[in-house]
Each structure stands twice: as C-alpha cells, then as structure tokens.
Amino acid sequence: MVNPVSIGEQKKIVLVGNPNVGKSVYFHRMTGQYVDVSNFPGTTMEFYCGKLGSDFLVDTPGVYGLSGHNEEESLVRDAVLTADIVINVVDAVHLERDLFLTCQLVDTGVPMIIALNMVDELEGRGLAVDTARLEQLLGVPVVATVAVTGHGFDRLSEKLAGARPGQAGELVGQLSAGYMGIPRSEALFILEGDSEVSSRYGLEPGLERDNIYRARRKRAGEIAAAVLKEKRKDLSMASRIGHWLINPLTGIPALFLTLWVIYELVGVFFAQTVVGVTETTIMKGHYEPLVRALLNHVLDLDSPLGFILTGQFGLLTMAVTYLFGLLLPLVGGFFLVLSILEDSGYLPRIATLMDRVMSYIGLNGQAIIPLVLGFGCVTMAAITTRMLASDRERRIAIFLLALSVPCSAQLAFVAAILGSLGPEYMFLYGFFILSVMAGVGTLMDRLLPGYAQPLWLDLPTMRLPRPDNILKKTWTRTFSFLKEAFPIFLGGALLLSLLKVTGLMDAIERMMQPLTTGWLYLPGETAGAFIMGFIRRDFGTAGIMAIPMDPMQKFIALVTLTLFVPCIATTLVIFKERGWREGIVIWLTVLALAFTMGGLLAHVIYYAQGIKPAMTLPLTALFVTTVLVLAVIAGRWRRGVG
Amino acid sequence: MGIDEGTILTCSEVVPAGPVVVSKNRQELAIGRSLARQINVEVLARADAAGLAKPSLKSETFGEV
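For every chain, the first residue of the written sequence is number 1, and numbering continues from 1 along that sequence. The naming scheme follows written order: chains are lettered A onward, ligands numbered 1 onward. Residue-level local features of this predicted model are given only where pLDDT is at least 70; pairs of side-chain atoms are given and counted only at 80 or more, and the full residue set underlies all totals for whole chains, interfaces and linings. Side-chain metrics rest on all non-hydrogen atoms present in the structure, leaving aside hydrogens and water.

**A closer look at the overall build of chain A**
Then, number 1: The secondary structure content of chain A amounts to 30 helices and nine strands.
Then, number 2: For chain A, whose C-alpha radius of gyration is 28 Å, the value lies close to the compact-globule estimate of 26 Å for 642 residues.
Then, number 3: By principal-axis analysis of the C-alpha atoms, chain A measures approximately 80 × 65 × 55 Å.
Then, number 4: Looking at the 642 residues of chain A, the share that counts as buried comes to 57%. The helix and strand labels rest on DSSP assignments: H or I over at least four residues marks a helix, E over at least two residues marks a strand, and numbering proceeds from the N terminus. Our radius of gyration is a C-alpha quantity, and the globule rule it is checked against amounts to 2.2 Å times the number of residues to the power 0.38. Throughout, exposure labels follow a simple rule: accessible area from a 1.4 Å probe, protein chains only, divided by the maximum for the residue type, with under 20% read as buried, over 50% as exposed, and the rest as partly exposed.

See below:
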C-alpha cells in the first residue's frame, strides 16, 4: 500500500498508460479496491476511483495517446487536464511503444512520475533498462516496479511527492509559445488539432499534429534506444510458447486441445461431477426435503402459499436449488476458465490465429476476444466491443453477441440439459449455434457497407496466470453474478407461481399456442419459459428443465432460448453502446430470428425423423451445413474478397 | 506502436493467409494481411542466410505504415 502524497488539500492522482500495462494492478495495490485485471488490451473500459490516504486515485482505460480519436482518449485527456499528479504506468517490455504516450504526457507539463512496470519480464527476456538515464532524458522521476509482486512500491510512494513536469519536446516548446495565457497542457492539445479543447477557448484547431507526432515518435525511439540494453538473446519459454501458439501447425492443435480441456473441466467436471453433488445430493437430496418437512408443520404445501414457496417454481426450493446447486458451481467454473485464458495472454494469440476465419463474418481476429468473453458474461463482452477498430465491426460483434452467444449462466443450464441428452445433441447444438453465428455474420458482412478493418494487435507476453488473481477475479465475478441474479431469480419464480396460481399462465399458454405448439412443436407450458426468457435467458432455459419433453423438443427449446433476446442488463448496454433506435432494431431482430430459426429447426428435425428416425440428427446437421454454405456463397457473391 | 518509416523489424511469423507478426525489442505486433500488403519492405537479412536455426525467420525494413 502506498502512503498518501500530500498533506493538506485533497489531490487527484490519475493512473494513465497504454492498454495492458498493469494500471489496474497498481490501483488495487494502492487503494485496496479490486478491479478486473487480465492479460489483454482493453480490460478496463470504465473509470474507477478509490481513496489513497487523503487523496483519491483514478484508474483509467488504456490509451495509446490523448488525441480524442475515440471516447476513451477524450475522457483520459480530460482526466489528465484536471489531474494534480499523473502516474504514467509504462510496460518495460513495450517501452518504445509506451514512450509515445509518455512523451505526450511530458509535453502537457502535468506533474508526473513514471512507474516502470514488468522490469522482471524485461530482464527475463534478455534486456535491461537504465532508469537513471530515462529519468534524465524525460525530466521526471522513474521508479522500476513489478506490480504483481509489489516490488518497488515503497520507492514509488517515496518518489510520488517529487512528481514534477518533465522536459517537453523541442518542437512543442517552440510552438506553444504562440499560445500565451493558455495553460501549457491545453495549448498542446490545441496545437495538435484537438477540436474539443480548441472550442473551449474559441480558437481554431491547430494544424501541427503530424509534425508534433513525427517529432514525438522520433524522440520516443531515441530515448528507447538510449536506455534499453540487450544483454543476451531472448530464450525465454514464454516467447517460445507464444510463437507456437500463433504458428498454425502447432497453434491449431493447441487450440483444439484447449477447447477439449475446457470441455472436460466445465462440461464434465463442473457440469456433471460437481453439480451432481451440489444439485442432486445436497440441494435435492437434503435441502429441499428439509424445507418441505419444516414448512409442512406450519402450512399446507398444496395451498397457494405452499405452492409459491415449495411448488414447481418454489421460491425456497427451485430458485434456491438452481442458484446455489447449479449456477454457483457452473458459473464459477466458467469464470475460472475465462480468467486463466485472460491472464495467460492466450486470447490475443487466438485472435491472430483466427483472423482469417473472422474476416468471413466481417470482423478481424480481435473480435474473437469479446465473443469469447461473452461466454462468461454477454453484458461485459458487449462493453468490450469498444476495443474494435470500426463502428461496423462493433455493430456486427454486438449483434452476434446478442443473438448467438450464451452467457455462463445460460451455459450452465445448457450443459446440464445437453449432458442428459447425450454427446450427439451436444455436438449438434454447438454446430447449429456456430452456424447461425457464421451465417448471420457473413450476411451482415455482405449487407453492411464497408469492409473489416485489418488486424493491428499488440501481442502481450505469455504469462503463467497468478493463482491469487485468478481466484480473486473468479470469486468477484461469481459473487457479483449471484448478487445480481438472486433477486431476479426470486422475482421470476414468484411471478411464474402467481401466474400459475391465478390461472393466468393457462391463458398465456393458450395465447402462445400457435407459436409454441404450432410452430416450434413444443408443449404449451414452454410459454412460461419464454416469458422468463425476456427477463433472463438463463432463467428461461432453467424453466424448460422442469417441463416433461422428448429429447428433440428439449433440444429445440434449448436452441430457441439460446438465440433469444439477451438479458435486461445486456439490452441496456446495447442501447447505451448503439443508441436506442439501433438497440430496438437489434432486440426485435434477435427475437424474430430466435423464433424463426427455432421453428425452422423444429420442422427440419421432424421432417428428418419422418424420413429415417435413426438418421434424424445427421440429416439435420446436413441441412444446417447446406444452409450455411448457401449463406456463405450469398455473402461472398460479388464481394470480391477472400 | 513504435513503428515508423525506416524502422528495422524482425518478421517472426507469417500465418498462412493470415496476419504477419513482426517484432522489435521483444515487442510483438500482429498485422492483418490486407494491411501488411500495403507496407513496403526491404529485406535486410534472412534467417537462413544468416545461419540461424529457424529458416522461416527473416528481417525486413518497413516502409511507411
């Protein structure tokens, strides 16, 4: 823990740095507040504020510059303009890249200090950095640290009081003389053509951006060359593994191996072994009978209140069992796997390997990161789409997330249901959902104007994930999931029970019959599951577990609910990210597509069953493949790409 | 990213039909194929010519990015 900087008035200290340099680890160490930490660019998309003694510390999203190219840059720029002290976190392994932002911060004249992070990794890779020389060239204090171990934090605390404005670049020094009476920092942004800052002073944006940037890039390169010394070749295992993972010969088998390990861990160990104990043995075997036995003494379990508390959607039975017996271990399992993937640095390498494949759906490889994160939480993933380079890609990625990526909570129920149906259904489910993603993505790529932006992705060093961060992150996410889901689950269960007790459920079921029984070939009771699906897809999916259905029907219901509208939290994020008009279009289109594709699947399955019952699933898979191929051909037609 | 006209880089991987991965001072950057096509490079040395172990490695100079 770092001690407060100043005595007297409260100071605003801002952490600024490139993406994935460890700002959030600093924030956690200095304030004691945990913020998600991963090993890929773009983990922090919001500002976080924490107390640092009598001062306060602000954690900001990673940016490469402060030029208002996007919303994050504008917000970080304003945070810097209003800061008393800036702690510029610099990744020693990416020194040359990071020094561009550092030089820009120095040019603003804000009092600052440089926290040089990951110096251990730099040394491990055969390089050394001369911090004294760096301090001399920039004119601000530099402290070598290793944030994850806390190394150097005592010195950071000491040197923080000595934060000072650095030596501006020569060109900036000359040019800013023309803006007398305007603070140095704001004069810089005016010179760089920042229209927002210029308008605050009623001035025209300057035209010096290109010249300043060129000079700054040159200065950053010269400083890096002066302070970095090569001691030996990079023979680290992390580098070798990093290369194996992007080489298709080794990377593709490694990807399949990873997917298999994830399946074994989540789909088999957590979904079957752990849930077998928590749901079947503990909750259904001991907890539920105990609750019923205790309540039986005080009320009639067949009465409306008894039904609400312990019936089909019992508040004290079904809701609690699903939450703690099924969701807690499974969501925890998913977040554990995702945390390991995030911290290892593997995700950007999957992005590199999959870049070509992703280009078919109008995205570049980087979009694989939000899509994979969506399997943890679609809401979080929808925010992460901001890391994508163009609006077109953000639109496609958000739509695909809303339509075809089930979150960990829904996957928990999906895994439980598919586990009971068998591996052939599991395969067809995965194949169908991926085909929908590929088909819809291809058509969007065809229909939306423009092309996918080429990949431009920084590959972080491969690291062995730290168990303390993995466990902390898994627990934080799982706990916040439970906190959010618990009242919604109870409310949902209460609503369903009330609908059932009052007879309204029968009326809704009758009203929805043309859709449920007529189009989807499902029992009328599934209407309740779809109603709950509007609140949370996972709760809707949980609803179909209790309804007696044949395997085909369960499968159709599962697919329809996977493609169903996202939960309320995700919907709100989509509205925020895309605006309410586009948000409504996305929501309604997803709803229409879910029922359309679910119904088409039902018709194909029963048609195939009519031809040859034993071949139902293979024939369905064949049909899905044919449609996908047609969609890809339609998507590529006259596209002239690929 | 620290890459400008005249920067000397090492090409550490070319994913077939996919991105090109370049490195400098232990930093690695994946560049999509369509963008990589637009960058003029001048080969300074090839790993096989330099007698290095990995023949697919080659050093190239980048033009303007």
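**Quick look at the overall build of chain B**
Then, number 1: A tally of helices and strands in chain B yields one helix and five strands.
Then, number 2: Secondary structure elements of chain B occur, N-terminal to C-terminal, as β-β-β-α-β-β.
Then, number 3: Classification of the 65 residues of chain B by burial places 46% in the buried group.
Then, number 4: Contact criterion: two residues are considered in contact whenever any of their non-hydrogen atoms come within 4.5 Å of each other. Excluding contacts between residues fewer than 6 apart, the proportion of contacts in chain B whose partners are at least 24 apart in sequence is 33%.
Then, number 5: Total accessible area computed for chain B in this model is approximately 3,300 Å², and 50% of it derives from carbon and sulfur atoms. All accessibility values rest on the Shrake-Rupley procedure with a 1.4 Å probe; residue burial counts only the protein chains present in the view.

**A closer look at the interface of chain B and chain A**
Then, number 1: In this assembly, 23 residues from chain B lie in contact with 29 residues from chain A.
Then, number 2: The buried area of a pairing is the accessible area, by a 1.4 Å probe, that goes missing from both parts when the two are put together, added over both. Buried area between chain B and chain A, summed over both chains or domains, comes out near 2,500 Å², and the portion from carbon and sulfur atoms is 59%.
Then, number 3: Close ionic contact of E28 of chain B with R349 of chain A constitutes a salt bridge, the shortest N to O distance being 3.7 Å.
Then, number 4: Elements with a contribution of two residues or more to the side of chain B that touches chain A: β1 (8-14), β2 (20-24), β3 (27-31) and α1 (33-37) of chain B.
Then, number 5: For the side of chain B that touches chain A, the element with the highest residue contribution is β3 of chain B, accounting for five residues. Here, a salt bridge means any Lys or Arg side-chain nitrogen found within 4 Å of an Asp or Glu carboxyl oxygen.

**Let's talk about helix α3 (residues 95-108) of chain A**
Then, number 1: The span expected for a helix works out to 1.5 Å for each residue beyond the first. A rise of 1.5 Å per residue sets the reference length of α3 of chain A, with its 14 residues, at 20 Å; its end C-alpha atoms lie 20 Å apart and thus fit the reference within 8%.
Then, number 2: Downstream of α3 of chain A by one or two residues, G109 of chain A has phi in the positive range, about 80°.

**Structural notes on the environment of S404 of chain A**
Residues and elements named next belong to chain A.
Then, number 1: The topology assignment puts S404 in helix α19 (residues 391-404).
Then, number 2: Residue S404 is classed as buried on the basis of its relative accessible area of 0%.
Then, number 3: For the pair formed by S404 and T562, sequence separation is 158 residues and the distance between their alpha carbons is 6.6 Å.

**Section: the state of the cysteines**
Then, number 1: Throughout, a disulfide means two cysteine sulfur atoms within 2.5 Å of one another. Tallying each qualifying case throughout the model produces zero disulfides over all chains.
Then, number 2: C567 of chain A provides the cysteine sulfur closest to C407 of chain A, a residue in no disulfide bond, and the two sulfurs are 6.5 Å apart.

**Examining the nonpolar core**
One broad rule of soluble globular proteins: the nonpolar side chains tend to lie buried together.
Residues and elements named next belong to chain A.
Then, number 1: Within the largest apolar cluster, 130 residues are counted, with the highest numbers of intra-cluster contacts made by L327, L363, F432, F555 and L563.
Then, number 2: Excluding residues that lie within four positions of it along the chain, F432 makes contacts with V559, L563, M597, L601 and V624.
Then, number 3: In terms of nonpolar packing, the next biggest core, distinct from the first, is built from 46 residues, A79, V80, I114 and V119 among them. We call a set of buried residues a nonpolar core when its members are Ala, Val, Leu, Ile, Met, Phe, Trp, Tyr or Cys and they connect through side-chain atoms within 4.5 Å of each other.

**Some remarks on the pairing of strand β2 (residues 48-52) of chain A**
Then, number 1: Strands qualify as paired when DSSP identifies two bridges or more between them. With five bridges connecting them, β2 of chain A and strand β3 (residues 55-59) of chain A associate as antiparallel partners. Looking at the pairing, C49 of chain A lines up with V58 of chain A of β3 of chain A.

**With respect to the domain arrangement of chain A**
Put simply, an interface is often sized by how much accessible area is lost when its parts join up.
Then, number 1: As far as domains go, chain A holds domain 1 (12-230) and domain 2 (246-453 + 466-636).
Then, number 2: Each domain's limits were defined by an automated method or a database of domain assignments. Between domain 1 of chain A and domain 2 of chain A, the C-alpha centre-to-centre distance is 41 Å.

**What to know about the packing of helix α21 (residues 423-447) of chain A against helix α30 (residues 616-636) of chain A**
All names here are of chain A.
Then, number 1: Angular values range over 0 to 180 degrees, each being the angle between N-to-C directions of two axes fitted as lines to C-alpha atoms, with helices fitted over their stretch in contact. Where α21 meets α30, the closest approach of the two axes is 9 Å, and the angle between their N-to-C directions is 15°. Of the possible angle classes, the one that applies to α21 and α30 is roughly parallel. Two packed elements cross with a definite hand, and for α21 against α30 that hand is left-handed. Across the interface between the two elements, E424, Y425, L428, F431, F432, S435, A438, G439, T442, L443, D445 and R446 from α21 touch L617, T620, A621, V624, T625, L628, A631, V632, A634, G635 and R636 from α30.
Then, number 2: Side-chain classes are defined by residue name, with Ala, Val, Leu, Ile, Met, Phe, Trp, Tyr, Cys and Pro counting as nonpolar, Asp, Glu, Lys and Arg as charged, and the others, Gly among them, as polar. Looking at side-chain class alone, the contact of α21 with α30 contains 13 nonpolar, six polar and four charged residues. Here the angle decides the label: under 35 degrees means roughly parallel, over 145 means roughly antiparallel, 65 to 115 means roughly perpendicular, and every other value means oblique. Each helix crossing is assigned a hand: it is left-handed if the near helix lies turned anticlockwise from the far helix by less than a right angle, otherwise right-handed if that turn is clockwise.

**Details of the pattern of salt bridges**
Residue and element names in this part refer to chain A.
Then, number 1: For the coordinates displayed, the defined rule picks out 26 salt bridges over all chains.
Then, number 2: A salt bridge links D391 to R395; the shortest N-O distance between them is 3.7 Å. Linking D391 with R395, this pair stays in helix α19, spanning four residues, or about one helical turn.
Then, number 3: Accessibility expressed as a relative area gives 27% for R395, which makes it partly exposed.

**A few points about the sheet that holds strand β5 (residues 112-117) of chain A**
Pairing between the strands of a sheet comes from backbone hydrogen bonds, and it takes one of two forms, parallel or antiparallel.
Residues and elements named next belong to chain A.
Then, number 1: With mixed pairing, six strands are arranged side by side in an open sheet as β2-β3-β1-β4-β5-β7. Looking at the sheet topology across the chains shown, the edges are occupied by β2 and β7 (142-144). The mean inter-strand angle of the sheet, taken between neighbouring strand axes irrespective of direction, is 25°.
Then, number 2: Two elements, strand β1 (residues 12-17) and strand β4 (residues 85-91), share five bridges in a ladder whose sense is parallel.

**A short note on the environment of A631 of chain A**
All names here are of chain A.
Then, number 1: Note that A631 resides in helix α30.
Then, number 2: Taking the C-alpha atoms as reference points, A631 and S435, 196 residues apart in sequence, are found 9.8 Å from one another.
Then, number 3: In this structure, A631 is in contact with G439, T442 and L443, ignoring residues within four places of it in sequence.

**As for the packing of helix α22 (residues 467-502) of chain A against helix α23 (residues 504-511) of chain A**
Residue and element names in this part refer to chain A.
Then, number 1: Closest axis-to-axis distance for the α22/α23 pair is 4 Å, and the angle between their directions is 90°. Taken as axis vectors, α22 and α23 run roughly perpendicular relative to one another. From α22, L496, L499, K500 and T502 reach across to α23, where they touch L504, M505, I508 and E509.
Then, number 2: Here the residues of the contact of α22 with α23 sort into five nonpolar, one polar and two charged.

**Focus: the packing of aromatic side chains**
Aromatic ring pairs are described here by two measures, namely the spacing of the ring centres and the angle between the planes.
All names here are of chain A.
Then, number 1: Each aromatic pair joins two rings of Phe, Tyr and Trp (for Trp, the six-membered one) with centres within 6.5 Å, and gets the label stacked for planes under 30 degrees apart, edge-to-face for over 60, and tilted for any other angle. On inspection of all chains with the given rule, the structure shows 14 aromatic pairs over all chains.
Then, number 2: Each ring, one from Y521 and one from Y606, has its centre 5.4 Å from the other, and the planes form 75°; the classification is edge-to-face. Taken as a pair, Y521 in the loop between α24 (513-519) and α25 (526-535) and Y606 in helix α29 (residues 580-611) lie far apart in primary sequence, 85 residues in all.
Then, number 3: Residue Y521 is classed as partly exposed on the basis of its relative accessible area of 29%.
Then, number 4: According to the relative accessible area criterion, Y606 is partly exposed, its value standing at 22%.
Then, number 5: Grouped by ring-pair contacts, the aromatic residues F530, F534, F564, W587 and F595 constitute a single cluster.
Then, number 6: By the criterion adopted, a ring carries a charge over it if an Arg CZ or a Lys NZ lies within 6 Å of its centre and within 35 degrees of its normal. Directly above the ring of F153 sits R29, whose terminal nitrogen or CZ lies 5.9 Å from the centroid.

**Considering the confidence of the model for chain B**
Then, number 1: Values of pLDDT, the confidence the predictor places in each residue, fall between 0 and 100. Taken residue by residue, chain B gives an average pLDDT of 74. The fraction at 70 or more is 68%.
Then, number 2: The low-confidence segment residues 50-65 of chain B, where pLDDT is below 50, has 53 contacts with residues more than four positions distant or belonging to other chains.

**Describing the confidence of the model for chain A**
Then, number 1: Averaged over all residues, the pLDDT of chain A is 87; the fraction at 70 or higher stands at 96%.
Then, number 2: The model gives residues 1-7 of chain A a pLDDT under 50, and that stretch makes 21 contacts with residues more than four places away or in other chains.

**Some details on a nonpolar patch on the surface**
Then, number 1: Patches here: salt-bridge-free residues with over 30% relative accessible area, like charges joined within 9 Å, nonpolar side chains (Val, Leu, Ile, Met, Phe, Trp, Tyr) joined within 5 Å. On the surface, L257, W260, V261 and Y263 of chain A cluster together into a nonpolar patch covering about 410 Å² of accessible area.
Then, number 2: With respect to the element layout, W260 of chain A can be found in helix α12 (residues 248-296).

**Digging into unusual backbone geometry**
Then, number 1: Even without glycine at this site, Y521 of chain A takes up a positive phi of about 60°.
Then, number 2: With a phi angle near 60°, A17 of chain B is a residue other than glycine that sits in the positive phi range.
Then, number 3: Position of A17 of chain B among the secondary structure elements: in the loop between β1 and β2.
Then, number 4: A17 of chain B gets classed as partly exposed once you look at its relative accessible area, which sits at 40%.

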